[in-house]
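Listed here are the chains, written in short residue letters.
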Amino acid sequence: MAGVATKLAKPILSKTACQKGQQVAQLSTLREISTKQKTLLTVGGTLIGGGAALCLALDQSVKASGLDAHPPVYSWSHNGIFDSFDHASIRRGYEVYKQVCSACHSMKYLAYRNLVGVSHTENEAKAEAESVMVLDGPNEDGEMFQRPGKLSDYFPRPYPNDEAARAANNGALPPDLSYITSARHGGENYIFALLTGYCDPPAGIQLRDGLYYNPYFVGGAIGMAQALYNELIEYSDGTPATASQLAKDVSVFLKWASEPEHDTRKKMALKVIMMFSMVASVIYYLKRHKFAMVKSRKFQFKPKESHQ
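Residues numbered from 1 in each chain as written. Predicted model: local features only at pLDDT ≥ 70, side-chain atom pairs only at ≥ 80, totals over all residues. Heavy atoms only, no water.

Focus on helix α3 (residues 122-130)
Next up, step 1: Taken residue by residue, α3 has A125, E128 and A129 as its buried positions. Along the axis of α3, the buried positions cluster into a sector of 100°, meaning they face one direction only.
Next up, step 2: On its buried face, α3 is in contact with α2 (87-99) and β2 (145-148). (Buried < 20%, exposed > 50% of the residue type's maximum accessible area, 1.4 Å probe, protein only. Helix = DSSP H or I, 4+ residues; strand = E, 2+ residues; numbered from the N terminus. Arc of directions from axis to C-beta. Contact = heavy atoms within 4.5 Å.)

In structure tokens, the structure reads:
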């Protein structure tokens, strides 16, 4: 009887031992995989962190540093998600550009018709265009002639070509201001900081003749002299023309010139959000009440019983 029990127990014990051995092998394999995963995660994290640090170092290396100051971020009235431009400020900024900036800087991509409905009425924009003489032609005799401007004309250039502009500004070419806020890091913050940031150079810095110190300009030495002062011009709406007000208004005007679709884009975004909110409610209803049965169905395979 004991011999029979021993024979019956041997297969069971051997099977149990095999199962335990497989479990131990599986556990050892899991430990090995876990160690590899930890190693890979450590190496991957080190590489990602090193890459991020390298990108940050490269990014900082091409930006103004040392004596160059970064422009602060101001709370502009158009910075909100659904905030539009201050159109009264755009009109005042146009006056600043016309009376101060246009003596050196062009805006060759902006036409007088762009002012209609934004800062001026159609008649006011026509009057602004007619106040300048535009070279046109040729006429019937094959000669060029001067005529009053029209709404379709672009803002006049202060110099006939770039060489004349450099000759009049000690070799420096005044940039076109049509898209200046999009072309400069900081946008309107940079323009405002630059226009109000003139100061005396720190000790030990020597500037050549014809250069001025501005910490917000790359290198600190800029060929443009300070252009805005208190009461430099007189606003048509009676706003006090302080230097900071002049800089603020012309910065808003240049921001609008770079992004004339700004207000339209935000109006469209508001419409899209309203439309998608209604569509989302319909989709939620369909998902919750129409597809609940489909998503909760259970498929079960039951083989046919064989009748012997």
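Moving on from the model shown.
Side note on helix α8 (residues 262-290)
Next up, step 1: Here α8 contains 29 residues, and its C-alpha end-to-end distance of 41 Å stays within 8% of the 42 Å for a straight helix at 1.5 Å per residue.
Next up, step 2: All of the buried residues in α8 are H262, D263 and K266.
Next up, step 3: Tucked into the core, α8 has its buried residues touching α2. (Expected span 1.5 Å × (residues − 1).)

Considerations on the packing of aromatic side chains
One pair of aromatic rings is described through two measures. These are the centre distance and the angle between the planes.
Next up, step 1: Per the stated rule, a full pass over the model turns up 10 aromatic pairs.
Next up, step 2: Relative to W76, the ring of Y74 lies with its centre 6.3 Å away and its plane at 80°, an arrangement referred to as edge-to-face.
Next up, step 3: For W76, a relative accessible area of 9% corresponds to the buried category.
Next up, step 4: Grouped by ring-pair contacts, the aromatic residues Y94, Y97, Y112, F155, F253 and W256 constitute a single cluster.
Next up, step 5: Taking NZ or CZ as reference, R92 lies 5.9 Å from the ring centre of Y235, over its face. (Phe/Tyr/Trp six-rings, centres within 6.5 Å; stacked < 30°, edge-to-face > 60°. Lys NZ or Arg CZ within 6 Å of the ring centre and 35° of its normal.)

Here's the deal with the packing of α2 against helix α7 (residues 243-258)
Next up, step 1: It is at 7 Å that the axes of α2 and α7 come closest, and there the two elements cross at 100°. On the basis of the axis angle, α2 is roughly perpendicular to α7. Along its contact with α2, which presents S89, I90, R92, G93, Y94, V96 and Y97, the element α7 presents Q245, L246, K248, D249, V250, V252, F253 and W256.
Next up, step 2: Considered class by class, the residues forming the contact of α2 with α7 number 9 nonpolar, 3 polar and 3 charged. (Axes fitted to C-alpha atoms, helices over the stretch in contact; angles between N-to-C directions. Parallel < 35°, antiparallel > 145°, perpendicular 65-115°, else oblique. Nonpolar A, V, L, I, M, F, W, Y, C, P; charged D, E, K, R; others polar.)

With respect to the side chain of E259
Next up, step 1: Counting through the fold element by element, E259 comes out in the loop between α7 and α8.
Next up, step 2: At 3.4 Å, the side chain of E259 forms a polar contact with the side chain of R265.
Next up, step 3: Once residues lying within four places of it in the same chain are set aside, the contact partners of E259 are F85, S182 and R265. (Polar contact = N/O pair within 3.5 Å; in protein donor to acceptor, adjacent residues only side chain to side chain.)

Considerations on the environment of Y154
Next up, step 1: With respect to the element layout, Y154 can be found in the loop between β2 and α4 (162-168).
Next up, step 2: For the pair Y154 and A111, spaced 43 residues apart in sequence, the C-alpha separation works out to 3.9 Å.
Next up, step 3: Apart from residues no more than four positions distant in its own chain, Y154 is found in contact with K108, Y109, L110, A111, Y112 and R113.
Next up, step 4: Engagement of the side chain of Y154 in a polar contact is seen with the side chain of R113, the distance being 3.5 Å.

Some remarks on unusual backbone geometry
Next up, step 1: Put simply, G137 and P138 share a cis peptide bond, and its omega is 5°.
Next up, step 2: The topology assignment puts P138 in the loop between β1 (133-136) and β2.
Next up, step 3: Residues other than glycine seldom take positive phi values, yet N170 does so here, at roughly 55°.
Next up, step 4: By the element assignment, N170 lies in the loop between α4 and α5 (180-183).

Re the side chain of E95
Next up, step 1: Assignment of secondary structure puts E95 in helix α2.
Next up, step 2: Put simply, E95 is tucked away with no salt bridge, and the nearest opposite charge, on R91, sits 4.2 Å away. (Lys, Arg positive; Asp, Glu negative; His and termini not counted. Salt bridge = Lys/Arg side-chain N within 4 Å of Asp/Glu carboxyl O.)

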